[in-house]
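# Architecture and fold: a report
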Amino acid sequence: MSGNVRRVVSVIVYNESSTLSRITDLFSARGYNIVSLTVAPIPESKYSRLTIVTSGSSRVIEQIIKQLHKLIPVLKVYEHEDLVEKEMTLIKFPITENISDIDTLCQAYNGKIVNAGPDMVIAMVADEPKRIDHFLEAIKRFHPKEIVRSGAVALER
Amino acid sequence: MQISGAQMVIEAMIAEEVTVVFGYPGGAIMNVYDEIYKQDSFKHILTRHEQAAVHAAEGYAQRTGKVGVAMITSGPGFTNGVTGLADAYMDSIPIIVISGQVPMSLIGTDAFQEIDAVGISRSCTKHNYLVTDAADLPRVLKEAFHIARTGRPGPVHIDIPKDVTAQLAEFDYSAPVVLETYKPTTKGNTRQIKKAVEAIAAAKRPLFYLGGGIISAEAAYDVREFAKSCGIPAVETFRARGTMGADNPLLISMLGMHGSYAANMAMSETDLVIALGARFDDRVTGKLSEFAKGADIIHVDIDPASISKLVNADYPIVGDIKKVLEVMMPLAKEKVDPEKYTPWLETIENFEKLHPLSYREDTDNIKPQWVIERVGELLGDDANITTDVGQHQMWTAQFYPFSRPRQWNSSGGLGTMGYGFPAALGVKAADPERVSINITGDGSILMNIQELMTAVEQKLPVINIILNNNYLGMVRQWQTLFYDKRHSETDLSVQPDFVMLSQSFGGAGYRVKTKEEFDAALKDAIEKNVVTIIDVAVERMENVMPMVPSGGSLFNMMLEYKEK
């Protein structure tokens with residue numbers, strides 16, 4: 001049996017109030033871990049798509065998938081193996097930092113400076129979650145004031 | 001024509017051919033109760049506590065296989081019913097609980113008797129609804145019945161705000177249920193079934209592991225035929241008692257923590273487990289890594305999440321047991337030679353001879369096991385049996401000669417003390433011809449004792465037999481065995497006079513100290529035909545044996561308790 005591995009699970013659910021809490025309740029009730037969770041309606045349908053990043057052994061993941069499937073408003077659940085995964089993050093820097101260095105770094109991670117104010121600039125990058133980790137490590141020296149991560153979204157290739 | 005939400009609830013009951021509803025009125029559900037008053041299509045049984053209403057609905061559902069219905073009010077009415085929902089969820093019992101809710105305009109304001117009911121019931125129901133528009137009610141009610149009884153059955157909770165029960169809308173119950181996201185698999189995969197049959201034919205020591213799912217699927221008689229035609233022995237789980245019938249030569253006994261030595265040894269020695277509608281509960285398996293260690297596992301279950309959850313299945317088959325057996329049985333009959341298993345059956349017989357389920361009559365006091373055997377001798381098939389939770393429950397599962405499915409009804413998964421009496425009322429309402437016996441303990445009976453009033457008022461003559469040892473016996477047993485006899489808060493020496501208690505409600509009561517008195521009391525109670533308590537003074541320190549200590553291996557049983 002494999003150890004605790006990071007997994008990405010997509011869940012297609014019927015759009016109605018309480019569906020999200022059914023899913024998060026299931027995770028907490030059964031002691032499963034949620035690393036990140038994103039949810040948004042699927043265009044032109046009555047369904048929404050959740051992307052859940054979780055971790056666990058293959059047996060735990062199998063149970064998570066089966067238990068999610070048991071929920072009445074859940075249409076489809078699948079674990080991604082061959083996937084394209086992206087995450088967005090917004091970072092606020094003081095205007096006094098080296099803006100051109102920040103911008104160069106952002107570009108290397110599919111990003112740019114998206115907003116500027118009298119005291120700060122806001123940069124955006126969108127990349128694989130692991131690369132976002134690296135990016136956040138690299139920008140520490142620019143004294144970021146706030147960081148917001150979106151959580152991962154994924155599509156099977 | 002437009003009708004009110006409350007009227008819709010009544011119309012749905014009629015359309016679903018509900019004949020009995022259990023419940024308790026209150027502020028938020030008064031519109032519905034007003035419509036109940038006006039109708040005569042179904043009977044409403046007023047319990048004296050909401051928990052009892054839900055347990056009675058469970059008892060009714062367990063006895064009939066139909067969906068049981070309970071109606072309760074908001075706030076405390078609902079929270080009192082939650083134990084029943086949780087109980088039904090754990091034991092996969094199809095019930096519908098309709099609760100009132102404060103009006104929509106007051107939701108979220110901490111109104112009088114407001115509680116987030118669907119928030120609470122979410123984790124202990126198969127599904128739940130908060131209905132915010134009466135126009136949704138016909139669909140919701142119809143879906144609820146469909147969801148409760150199909151797939152792996154379970155409880156569905158519908159919460160209806162008071163203004164929604166007053167709101168007018170069109171009622172059309174004819175539209176079929178369309179649930180794109182809910183389509184239980186009922187037909188088993190033919191290829192897997194064929195592979196499973198090959199495995200059965202190749203096995204030397206196959207064993208049926210029969211679970212409660214067989215009862216839900218109404219497949220007990222198919223299983224009997226299957227076992228007989230293949231000559232394969234069977235063990236039953238607690239909830240599956242009655243599947244094979246006590247006099248069936250292929251039935252070993254119950255397995256698990258308080259299963260028989262032979263059943264647990266058979267499970268430890270088998271080379272092929274044929275699990276039907278069972279879920280490898282921890283009280284059954286004991287230590288997982290040692291459970292049926294040398295065996296391959298065929299697992300047939302309607303719930304895919306039950307398969308390979310705890311024990312990996314080599315032959316997983318998702319489907320309705322009855323439908324799977326329709327395919328599996330003819331194939332097995334062709335391929336399996338029953339003669340082949342004779343040595344295996346002999347081995348099991350030796351296990352049975354070595355340590356049969358037994359007890360010793362070594363004191364002047366009545367032994368609790370004797371009471372159960374005696375009820376079995378006197379009533380047998382003529383009685384429906386419920387129990388509460390504790391020692392008496394295990395002794396009943398061990399010693400009552402269950403002869404048919406749905407004869408037996410007890411809180412297995414949740415282990416709810418106080419379940420037995422209200423459930424017995426539901427059973428009696430469903431099956432008035434048979435004697436309804438609730439075997440209980442001096443601890444459990446007090447947890448829903450108020451139902452004496454319901455039983456008297458509704459003329460539901462349940463016979464409660466208290467195996468009274470003046471202890472919270474099962475906890476006392478664990479304290480004796482595992483806590484160095486520190487009997488913390490389990491001595492129930494201070495007790496009511498159960499005879500007078502029953503009489504004060506208008507029922508009958510007997511205090512029994514000898515076997516002769518017991519026979520006479522039971523006979524008298526059946527003749528009197530009123531709700532009864534037979535308070536039997538039994539041996540105080542009797543333990544439920546044999547026993548697999550929690551987390552131990554099935555083959556490593558404590559066979560009897562010896563004073564150190």
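Residues numbered from 1 in each chain as written. Chains lettered and ligands numbered in written order. Predicted model: local features only at pLDDT ≥ 70, side-chain atom pairs only at ≥ 80, totals over all residues. Heavy atoms only, no water.

A word on the interface of chain B and chain A. Between chain B and chain A, the residue contacts involve 19 residues of the former and 18 residues of the latter. Carbon and sulfur atoms make up 48% of the area that chain B and chain A hide from each other, which totals about 1600 Å². Put simply, Arg122 of chain B and Asp25 of chain A hold a salt bridge, and the shortest N to O gap is 3.5 Å. Run the count over chain B and chain A and you get 10 residue pairs in polar contact (both at pLDDT 80 or more). Of the residues belonging to the side of chain B that touches chain A, the class tally is eight nonpolar, five polar and six charged. (Contact = heavy atoms within 4.5 Å. Buried area = accessible area lost by both parts, 1.4 Å probe. Salt bridge = Lys/Arg side-chain N within 4 Å of Asp/Glu carboxyl O. Polar contact = N/O pair within 3.5 Å; in protein donor to acceptor, adjacent residues only side chain to side chain. Nonpolar A, V, L, I, M, F, W, Y, C, P; charged D, E, K, R; others polar.)

Residue and element names in this part refer to chain B. This model, assessed by the stated rule, comprises 17 aromatic pairs over all chains. Consider the rings of Tyr209 and Phe291, whose centres lie 6.3 Å apart with planes at 65 degrees: the pair is edge-to-face. Here Tyr209 is found in strand β9 (residues 206–210), whereas its partner Phe291 is found in the loop between α12 (282–285) and β13 (296–301), with 82 residues between them in sequence. Of the two residues, Tyr209 and Phe291, both sit in the buried class. A ring pair is formed by Trp478 and Phe482, whose centres lie 5.4 Å apart and whose planes are at 80 degrees; its orientation type is edge-to-face. (Phe/Tyr/Trp six-rings, centres within 6.5 Å; stacked < 30°, edge-to-face > 60°. Helix = DSSP H or I, 4+ residues; strand = E, 2+ residues; numbered from the N terminus. Buried < 20%, exposed > 50% of the residue type's maximum accessible area, 1.4 Å probe, protein only.)

Moving on: the pattern of salt bridges. Taken as a whole, this structure holds 42 salt bridges over all chains when the rule is applied. Among the ionic pairs, Lys86 of chain A bridges to Glu128 of chain A, the shortest N-O distance being 3.9 Å. Highlighted residues: Lys86 of chain A in strand β5 (residues 83–94) and Glu128 of chain A in the loop between β7 (120–127) and α4 (129–138), separated in sequence by 42 residues. Of the residues examined, Glu128 of chain A reaches a relative accessible area of 39% and is grouped as partly exposed. Linking Asp431 of chain B and Arg434 of chain B is a salt bridge whose minimum nitrogen-to-oxygen distance equals 3.1 Å.

Our next topic: the nonpolar core. Counting residues in each nonpolar core, the largest one holds 66 residues, and the members touching the most others are Tyr209, Met267, Ile298 and Met328 of chain B. Ile29, Val69, Val131 and Val156 of chain B belong to the second largest nonpolar core, which has 39 residues in total. (Core = buried A, V, L, I, M, F, W, Y, C linked by side-chain atoms within 4.5 Å.)

In this section: the packing of helix α1 (residues 5–15) of chain B against helix α6 (residues 137–149) of chain B. Residues and elements named next belong to chain B. It is the contact of α1 with α6, at a shortest axis distance of 10 Å, that shows an interaxial angle of 35 degrees. By crossing handedness, the relation of α1 to α6 is classed as right-handed. From α1, Gly5, Met8, Val9, Ala12 and Met13 reach across to α6, where they touch Leu137, Pro138, Leu141 and Phe145. (Axes fitted to C-alpha atoms, helices over the stretch in contact; angles between N-to-C directions. Left-handed = near helix turned anticlockwise from the far one by under 90°.)

All names here are of chain B. The domains assigned to chain B are domain 1 (2–170), domain 2 (190–354) and domain 3 (368–537). One C-alpha centre belongs to domain 1, the other to domain 3, and the line joining them spans 29 Å. If you look at where domain 1 meets domain 3, you find two salt bridges. For Glu457, the salt bridge identified is with Arg48, shortest N-O distance 3.3 Å. Where domain 1 meets domain 3, there are 11 residue pairs in polar contact (both at pLDDT 80 or more). At the level of elements, β3 (43–46), α3 (50–64) and α4 (76–90) are the ones that each hand at least two residues to the side of domain 1 that touches domain 3. In terms of residue count, the dominant contributor to the side of domain 1 that touches domain 3 is α3 (11 residues). Considering only residue class, the side of domain 1 that touches domain 3 consists of 10 nonpolar, 10 polar and six charged. (Domains from an automatic or database assignment.)

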